[in-house]
Amino acid sequence: MDRRLTLVDRLLADAQNALGTVFGAPSAERANPAGDRADVVLDDEERRHAAGLMRINHVGEICAQALYVGQAAVARDPATRAGLLAAAQEETDHLAWCAQRLEELDSRPSLLNPLWYGGSYAIGVLAGLRGDGWNLGFVVETERQVEAHLHEHLERLPAADLRSRAILETMKADEARHADHAQAQGARVLPQPVPTIMAAASNLMKTIAYRI
């Protein structure tokens, strides 16, 4: 017989997820989209730039993990909770792929990842407490903004960096699917100024994570 999880059980599970996400080595369930794409040698400036972009995307996946887990922790509908956790698993794939690419580029994740995770988890809980319709609306807005910034990064990547490009293209398709799924489940449209504040916070994160 399945045991119903208590609040303490969920908090412990969320704490374990936080430690594994920030300090562990997440494992992807799907194969890395870069596959056998040639790892072309980039010059120093191109490599630093590609690493900065991939560090931003790695932070984005840290935040996505925290957001989804925080939202799932307070979701009222079991189907909503299950959908959020399923999306979080795909974000774990993204996290692992970005970490692998950073290593290939002789770079590192953001030093502020614990801060990014903690802040995003708190935002996820607050979004979820508004109710499942708003919870799903937050997913839609988040994923649409991520999809847009991935499009921007695909345009800014060095032309020769085919491995990073393959990863971001798959991530972009996944994010669009997450948004469409949340929309179909009954997401509510977030009122202004919430989307604007989310975009401003995202831009601040990207500026810092590119370097730190």
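Residues numbered from 1 in each chain as written. Predicted model: local features only at pLDDT ≥ 70, side-chain atom pairs only at ≥ 80, totals over all residues. Heavy atoms only, no water.

Caption draft 1: Fine view of the overall build of the chain. Scanning the chain from N- to C-terminus turns up seven helices and zero strands. Across the chain, helices and strands are ordered from the amino to the carboxyl terminus as α-α-α-α-α-α-α. Since a compact globule built from 212 residues should have a radius of gyration of about 17 Å, the 17 Å found for the chain is in line with a globular shape. Principal-axis analysis of the C-alpha atoms places the extent of the chain at approximately 55 × 40 × 30 Å. Looking at the chain as a whole, 48% of its 212 residues are labelled buried. Counting only carbon and sulfur atoms, one obtains 60% of the accessible surface of the chain, whose full area is about 10,700 Å². Considering the chain, the positive charge centre built from 22 side chains and the negative charge centre built from 29 side chains are found 5 Å apart. (Helix = DSSP H or I, 4+ residues; strand = E, 2+ residues; numbered from the N terminus. Rg over C-alpha atoms; globule rule 2.2 N^0.38 Å. Buried < 20%, exposed > 50% of the residue type's maximum accessible area, 1.4 Å probe, protein only. Areas by Shrake-Rupley, 256 points an atom, 1.4 Å probe, with all protein chains shown as cover. Lys, Arg positive; Asp, Glu negative; His and termini not counted. Charge placed at Lys NZ, Arg CZ, Asp CG, Glu CD.)

Caption draft 2: Up close: helix 5 (residues 132-156). End to end, helix 5 covers 36 Å across 25 residues, agreeing with the expected 36 Å (1.5 Å per residue, within 8%). Among the 25 residues of helix 5, 18 are classified as buried, and the element is accordingly described as predominantly covered. (Expected span 1.5 Å × (residues − 1).)

Caption draft 3: Summary view of the side chain of T142. Mapping T142 onto the fold places it in helix 5. According to the relative accessible area criterion, T142 is buried, its value standing at 18%. Apart from residues lying up to four places away in sequence, T142 is in contact with L67 and M198. (Contact = heavy atoms within 4.5 Å.)

Caption draft 4: Quick peek at the packing of helix 5 against helix 7 (residues 194-209). Remark: helix 5 packs on helix 7, axes separated minimally by 11 Å, with the N-to-C direction vectors making an angle of 40°. Judged by the inter-axis angle, helix 5 sits oblique to helix 7. Handedness of the helix 5/helix 7 crossing: right-handed. Across the interface between the two elements, F138, E141, T142, Q145, H149 and E152 of helix 5 pack against P195, M198, A199 and K206 of helix 7. In terms of residue class, the contact of helix 5 with helix 7 is built from four nonpolar, three polar and three charged. (Axes fitted to C-alpha atoms, helices over the stretch in contact; angles between N-to-C directions. Parallel < 35°, antiparallel > 145°, perpendicular 65-115°, else oblique. Left-handed = near helix turned anticlockwise from the far one by under 90°. Nonpolar A, V, L, I, M, F, W, Y, C, P; charged D, E, K, R; others polar.)

Caption draft 5: Quick peek at the pattern of salt bridges. Under the counting rule described, the total for this entry stands at eleven salt bridges. Here R156 makes a salt bridge to E152, at a shortest N to O gap of 3.3 Å. In this pair, R156 and E152 are both assigned in helix 5, four residues apart and thus about one turn of the helix distant. A relative accessible area of 36% means that R156 is categorised as partly exposed. In this structure, a network of salt bridges that share partners links the residues R30, E90, D93, D174 and R177. (Salt bridge = Lys/Arg side-chain N within 4 Å of Asp/Glu carboxyl O.)

Caption draft 6: Fine view of the layout of surface pockets. Taken as a whole, the largest pocket holds about 920 Å³ of empty space. What lines the largest pocket is a set of 36 residues, among which L67, I123, F138, T142 and M198 lie closest to the centre. At the level of elements, helix 2 (44-74), helix 4 (113-129), helix 5, helix 6 (162-184) and helix 7 are the ones that each hand at least two residues to the lining of the largest pocket. For the lining of the largest pocket, the per-class residue count stands at 22 nonpolar, nine polar and five charged. (1 Å grid on protein atoms, 1.4 Å probe; cavity = no way out; pocket = protein on both sides within 12 Å on 5 of 7 lines; lining within 4 Å. Points joined across faces, edges and corners; volume = space filled by probe spheres on them.)

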